[in-house]
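# Residue-level structure breakdown
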Amino acid sequence: MEHSEQEQLQHAYAQLLEENSQLRALVERMQGMEAMLRDREARLQVLLDQLPVVLLTLDREARITSATGTGLRALELDESQMPGQSLHDYFGTVGEDIPVITVYHRALNGEASRCEFEWRKRWYEASVQPLTDSNTVPVGVLMLMTDRTEQRRLQQQVEQAQRLESIGRLAGGIAHDFNNILAAISGFAEIARLNLEADHPMQSALQQILHSVSRGSQMVSQLLAIASRRLITPRPTDLNTLIRDHLPLLQRLLGEDIEVQTHLMSNLGTVRVDAVQIEQVLLNLAANAREAMPAGGKLIIETANYTLGADYSETHWSVQPGDYVLLSVTDTGHGIPPEHLPHIFEPFFTTREEGTGLGLATVHGIITQANGYIWVYSEPGKGTTFKIYLPRIDQPAQPPAAAPTPTHEIPRGHGSILLVEDDDSTRDAITQMLIALGYTVLPVVSPAEAIEQFERQPTAFDLLITDVVLPQMSSTELTERLQRLNPNLRVLFISGYTANAIAERGELKPGIELLEKPFTLAQLAQRLQKLLTD
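### Focus: the overall build of the protein
The number of helices and strands found in the protein is 14 helices and 17 strands. A fraction of 67% describes how many contacts in the protein between residues 6 or more apart in sequence connect residues 24 or more apart. As displayed, the protein has an accessible area near 29300 Å², and 51% of this comes from carbon and sulfur atoms.

So, in structure tokens, the structure goes:
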């Protein structure tokens, strides 16, 4: 009996030891799970601390039970003050069609969903899940809100850039065709004036035609600037000098009730730009500022050296990190409504009854052609700032080129000219102009016909006049082939726009003579005299 009891005690003790071992293993597993949960919680907190997110939990009465995430800082909210407050306190009353409220109620019905919404001037994407009890009954809602503001801004910048690029291509094509029409009108009008007596009654009408051609040419010039296809002659430039030289003109444009202030950095870097185009930028921005300040105000022009880093390019699509010169133009006017800001650089967009809508579009085209960037910041009632970033170069500034001396004389000449122009009206008008100036001219339509004529008598022509854009062959290739046959051949390019191999990226290469359409009889005569007498 004693032996049997002893065996039972030993068996019970062994069983207790085994149960204790199992209990210890269970405790260790629980401790491991707790450590794993703490580790996961720590990792989740790290993510919440690094990502622009807000994590909310809510009960069935739409009360916030917890709030965390670095995204709260952008909203200027305190996570300790949010619990206990209602979701409706932040987004709207019950019954309103508000996306975040709608997905909350869906989650209470067991449906996970997503939505996008605007909150305190920022855009969020919300992922909403139901919180359930052990019986899978929804007892609350988990809402993860990710800040998509910067991505949305970048997308808007991309869409705007694509829109402006397509409009620019359209504008460039229209400008080219329109310039050919203007060239023909101008040429025939000038020929008619030459063939009439000076006191003929039609002289006045023809002068009005030429005046209208000039106005049309100015508008086409703006379209070419919008398309970044306008002929430019950039040189290393000091923006401070350029601004100081134009201050009197800007003040006259603005009027006496607008004060012009300048803050120009003393050791400003050099930029490579066309000074005439930057002058147009300043005048257009000043004209816009004047319209925004009908009761007077201030126009503040600032310059500074700036380095744009990768962080800036992350929030400003297409910007290349590097060293820039900043040109900032600020007015104290009525500002630009937010709904208008995405469209202000689009051609023909204007809110003024008498505006053409080309001013800011021209500015954008000029800055883009200079490989720069322009951004606008505006608040209604507070004013507008245009910030222009132009690439800084390591070269000393050059003085501006001397303006040509105007002359009313039309020099006549002599020589044989081969004219290549595929537009019939333009070719006929230029032919008549050349004959009127005393030259012998052979007009042809295509490069193939030009080569055929030239191969027959390569030394018979003193000058080649060719449109830049030709069918079948580029004007560069045509010129090279003809100059191999006659190295002494002089060349004058004519063009309605400059998106071509001759004016690479809109820049006129040294030694290339290019005359923009439409041109006057005097301009053509002076250019021919220069080419054939040098």
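### Concerning the sheet that holds strand S5 (residues 138-147)
Through backbone hydrogen bonds, the strands of a sheet pair up, either in parallel or in antiparallel fashion. The strand order across the open sheet formed by five strands is S2-S1-S5-S4-S3, and the pairing between neighbours is antiparallel. What marks the edges here is a single partner per strand, and that holds for strand S2 (64-68) and strand S3 (113-119). Adjacent strand axes in the sheet meet at a mean angle of 20 degrees, parallel and antiparallel pairs treated alike. Note that strand S4 (residues 122-132) and S5 share nine bridges and pair antiparallel. By the bridge assignment for S5, Pro-130 is matched with Val-141. Its contacts with the sheet put helix H4 (residues 99-108) on strand S1 (53-59), S3, S4 and S5, and the angle it makes with S3 is roughly 155 degrees.

### With respect to the pairing of strand S8 (residues 270-273)
Residues in a regular strand point their side chains to alternate faces of the sheet. Here three bridges tie strand S6 (residues 235-237) to S8, and the two strands are oriented antiparallel to one another. Bridge assignment links Arg-235 to a residue of S8, and that residue is Val-273. Pairing of S8 with strand S12 (residues 383-393) involves two bridges; the strand directions are antiparallel. Following the sheet pairing, Thr-270 is matched in S12 by Ile-393.

### Considerations on helix H10 (residues 359-369)
Extensive coverage of H10 is indicated by the burial of eight of its 11 residues. Looking at H10, one finds that the buried residues are Leu-360, Ala-361, Thr-362, Val-363, Gly-365, Ile-366, Ile-367 and Gln-369. Among the residues trailing H10, Asn-371 stands out with phi positive, at a value near 65 degrees.

### Describing the pairing of strand S13 (residues 416-420)
In terms of burial, S13 is a largely internal element, five of the five residues being buried. Here S13 pairs with strand S14 (residues 440-444) via five bridges, running parallel. For Leu-419, the partnering residue across the bridge sits in S14 and is Pro-443. Pairing of S13 with strand S15 (residues 463-467) involves four bridges; the strand directions are parallel.

### A word on the side chain of Ser-416
By the secondary structure assignment, Ser-416 is in strand S13. With a relative accessible area of 16%, Ser-416 lands in the buried category. At a separation of 3.2 Å, a polar atom in the side chain of Ser-416 contacts the main-chain carbonyl oxygen of Ala-460. Apart from residues lying up to four places away in sequence, Ser-416 is in contact with Thr-440, Ala-460, Phe-461, Asp-462 and Leu-463.

### Side note on the confidence of the model for the protein
Mean pLDDT for the protein: 80, with 79% of residues reaching 70 or above. The model gives residues 498-507 a pLDDT under 50, and that stretch makes 27 contacts with residues more than four places away or in other chains.

### Regarding unusual backbone geometry
A cis amide bond links Lys-517 to the next residue, Pro-518, at an omega of -10 degrees. For Pro-518, the location among the structural elements is in the loop between strand S17 (514-516) and helix H14 (521-533). One non-glycine residue, Thr-136, lies in the positive phi region at around 60 degrees. Structurally, Thr-136 can be placed in the loop between S4 and S5. With a relative accessible area of 60%, Thr-136 lands in the exposed category.

### A look at the packing of aromatic side chains
One pass over the full model with this rule turns up six aromatic pairs. Residues Tyr-306 and Tyr-389 carry aromatic rings whose centres are separated by 5.8 Å and whose planes lie at 75 degrees to one another, so their mutual orientation is edge-to-face. Taken as a pair, Tyr-306 in strand S9 (residues 297-308) and Tyr-389 in strand S12 lie far apart in primary sequence, 83 residues in all. When the ring of Phe-454 is compared with that of Phe-461, the centres are 5.9 Å apart and the planes differ by 15 degrees; the resulting orientation is stacked. Phe-461 matches Phe-454 in its accessibility class, with the two residues each being buried. One aromatic cluster is present, formed by Tyr-306, Tyr-324, Tyr-373 and Tyr-389 through successive ring pairs.

Criteria and cut-off values
Residues numbered from 1 in each chain as written. Predicted model: local features only at pLDDT ≥ 70, side-chain atom pairs only at ≥ 80, totals over all residues. Heavy atoms only, no water. Helix = DSSP H or I, 4+ residues; strand = E, 2+ residues; numbered from the N terminus. Contact = heavy atoms within 4.5 Å. Areas by Shrake-Rupley, 256 points an atom, 1.4 Å probe, with all protein chains shown as cover. Pairing = 2+ DSSP bridges. Axes fitted to C-alpha atoms, helices over the stretch in contact; angles between N-to-C directions. Buried < 20%, exposed > 50% of the residue type's maximum accessible area, 1.4 Å probe, protein only. Polar contact = N/O pair within 3.5 Å; in protein donor to acceptor, adjacent residues only side chain to side chain. pLDDT = per-residue confidence, 0-100. Phe/Tyr/Trp six-rings, centres within 6.5 Å; stacked < 30°, edge-to-face > 60°.

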